[in-house]
Amino acid sequence: MASKDYEEIIKRIVSKSFGQIERCVIASEDGLPLATYGNPDEVSEIIAAIAAPLFVATQEVMKNLEKTKVIKIDVELTNAKHLVIARLQKGILALITSSKPNLGLVYCLIESEMKRSETRESEVEESEELKLFE
Amino acid sequence: MLDLLLLALNSALSTISVILVLIVLRELRRRSESDLLSRINAIKREFVNEVKILRGVFERVKDSNVNVLSAIETRLKGLDRVMSSLEERLNSVVMKKSSAVKVVDGLDGLDCIFRDDGLIVYGSYDKEFVAYVTQALRALKDVGLDELSVKRGNTTVHIKALGHRSWTFYCLKESPYPVRFDSEKILKELGGIVGQ
């Protein structure tokens, strides 16, 4: 997935959130930001750096303990904001909500992007398989 | 029916005509001219009488059929009247039913209960709808919104705020009829599930 695609995803999530999302990052599994929303960029880099390893580590532990996958991690902060982390195919999505957010809406937006990227990924795989046959 | 009668009448008249011609031909061979004329006149009278009788029979049959048809028509009109009065009664019953308010006084009667952070805490419903309704409720909270009805397809979604604790809860019920929520009873039941 190209950097432009990640930026599109972030744009879609933020524009539909009615101001519920203050900051949004898509990072690689090793914690490098691929696309960001919210200033300054340094903060987004820090979020990417903590969110990606946190998600990957949790995923690994849960795989061994419960033989299952992690869908999303929701960290509740004392200022009534939330840090929500989810996997988006090859990237990790991390976002900071506004104070007392509409979590139902935030979750819906994340889930709809997860479904969209799954569909896109399977389409890409199919087209690659077709190319191989050709 | 009348077509059949006419066909039968025609056939009878043709048969009688043929018989008459045969009789006249036979008499021509057997009798003298004066006898013959009187005999022909007699036969003619007989024939006219026979035709008159036949005509009378057919007219009676026709009249009886007309009577049957008019009786059927009268019966049908009666049935129409019964049908229309029944329809009116049914419509009034439906109107009464549809205007009757459904009272929801427990969790069983609800589709779901959600918090003002958009998360469903009891039951289940379209999550996306709940998320966007929560957003709308947040915007309308400042103007003292207590209840909200949203038309959705053929039904209406009824939502009511359930007082304030650590969270504001909203109960939701989808129904084509007007709904009245008994907040106290619902909150009492809900307390046992989500804690006070």
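Scoring rules and cut-offs
- Residues numbered from 1 in each chain as written.
- Chains lettered and ligands numbered in written order.
- Predicted model: local features only at pLDDT ≥ 70, side-chain atom pairs only at ≥ 80, totals over all residues.
- Helix = DSSP H or I, 4+ residues; strand = E, 2+ residues; numbered from the N terminus.
- Buried ≥ 20, exposed ≤ 12 C-beta atoms within 10 Å, placed from the backbone.
- Contact = placed C-beta atoms within 7 Å.
- Expected span 1.5 Å × (residues − 1).
- Arc of directions from axis to C-beta.
- Pairing = 2+ DSSP bridges.
- Axes fitted to C-alpha atoms, helices over the stretch in contact; angles between N-to-C directions.
- Nonpolar A, V, L, I, M, F, W, Y, C, P; charged D, E, K, R; others polar.
- pLDDT = per-residue confidence, 0-100.
- Parallel < 35°, antiparallel > 145°, perpendicular 65-115°, else oblique.
- Left-handed = near helix turned anticlockwise from the far one by under 90°.
- Core = buried A, V, L, I, M, F, W, Y, C linked by C-beta atoms within 7 Å.

**Section: the overall build of chain B**
Next, step 1: Secondary structure assignment for chain B yields four helices and seven strands.
Next, step 2: Taken from the N to the C terminus, the helices and strands of chain B come in the order α-α-β-β-β-α-β-β-β-β-α.
Next, step 3: Going through the 196 residues of chain B one by one, you find that 13% of them count as buried.
Next, step 4: Counting only contacts in chain B whose residues sit at least 6 apart along the sequence, the fraction spanning at least 24 positions is 45%.

**A short note on the overall build of chain A**
Next, step 1: Helix and strand content of chain A: three helices and five strands.
Next, step 2: In sequence order, chain A lays out its α and β elements as α-β-β-α-β-β-β-α.
Next, step 3: Looking at chain A as a whole, 34% of its 134 residues qualify as buried.

**A look at helix α1 (residues 3–15) of chain A**
All names here are of chain A.
Next, step 1: End to end, α1 covers 18 Å across 13 residues, agreeing with the expected 18 Å (1.5 Å per residue, within 8%).
Next, step 2: Taken together, the buried positions of α1 are occupied by Tyr6, Ile9, Ile10 and Ile13. The arc that holds every buried residue of α1, seen down its axis, measures 95 degrees, which confines them to one face. Exposed residues on α1 whose side chains face more than 90 degrees from its buried face are Lys4 and Ser15.
Next, step 3: Elements that come into contact with the buried residues of α1 comprise β1 (21–27), β2 (33–37), β4 (82–88), β5 (91–97) and α3 (103–133).

**Comments concerning the sheet that holds β1(A)**
All names here are of chain A.
Next, step 1: Pairing in this open sheet of five strands is antiparallel, and the strands run β2-β1-β5-β4-β3 from one edge to the other. Of all strands in the sheet, those bounded by a partner on one side alone are β2 and β3 (72–76). Going across the sheet, the axis of each strand differs from the next one's by a mean of 15 degrees, ignoring polarity.
Next, step 2: Across four bridges, β1 lies against β2 in antiparallel orientation. The residue bridging Val25 from the neighbouring strand is Thr36, located in β2.
Next, step 3: Lying on the sheet, α3 is in contact with β1, β3, β4 and β5; it crosses β4 at an angle near 15 degrees.

**A few points about the interface of chain B and chain A**
Next, step 1: Tallying the contact residues gives 11 residues for chain B and eight residues for chain A.
Next, step 2: The residue makeup of the side of chain B that touches chain A, split by class, is four nonpolar, three polar and four charged.

**Quick look at the confidence of the model for chain A**
Next, step 1: Confidence along chain A averages 91 in pLDDT terms, with 98% of residues attaining 70 or more.
Next, step 2: By mean pLDDT, the top-scoring element of chain A is β3(A) (96), and the lowest-scoring one is α3(A) (85).

**Focus on the packing of α3(A) against helix α3 (residues 127–141) of chain B**
Next, step 1: Direction vectors running N to C along α3(A) and α3(B) enclose 135 degrees, while the axes themselves pass 8 Å from each other. On the basis of the axis angle, α3(A) is oblique to α3(B). The two elements α3(A) and α3(B) cross, and the hand of that crossing is left-handed. Residue-level contacts link A:Gly104, A:Leu105 and A:Cys108 of α3(A) to B:Lys127, B:Glu128, B:Val130, B:Ala131, B:Tyr132, B:Thr134 and B:Gln135 of α3(B).
Next, step 2: Here the residues of the contact of α3(A) with α3(B) are counted per class, giving five nonpolar, three polar and two charged.

**Details of the pairing of β4(A)**
All names here are of chain A.
Next, step 1: Among the seven residues that make up β4, six are buried, leaving the element largely enclosed by the rest of the structure.
Next, step 2: The pairing of β3 with β4 spans five bridges and is classified as antiparallel. Bridging across to β4, Glu76 finds its partner in His82.
Next, step 3: Strand direction decides the pairing type here: β4 and β5, joined by six bridges, are antiparallel. In the strand pairing of β5, Leu88 is matched with Gly91.
Next, step 4: Counting the residues between successive antiparallel strands, the hairpin from β4 to β5 contains two residues, one of them, Gln89, with a positive phi of roughly 55 degrees.

**Focus: the nonpolar core**
Next, step 1: Counting 51 residues, the largest nonpolar core has A:Ile26, A:Ala27, A:Ala51, A:Ile92, A:Leu93 and A:Ala94 as the members making the most contacts within it.
Next, step 2: Once you skip the residues sitting within four places of it in the chain, A:Ala27 turns out to touch A:Leu32, A:Pro33, A:Leu34, A:Ala48, A:Ala51, A:Ala52, A:Gly91, A:Ile92 and A:Ala94.

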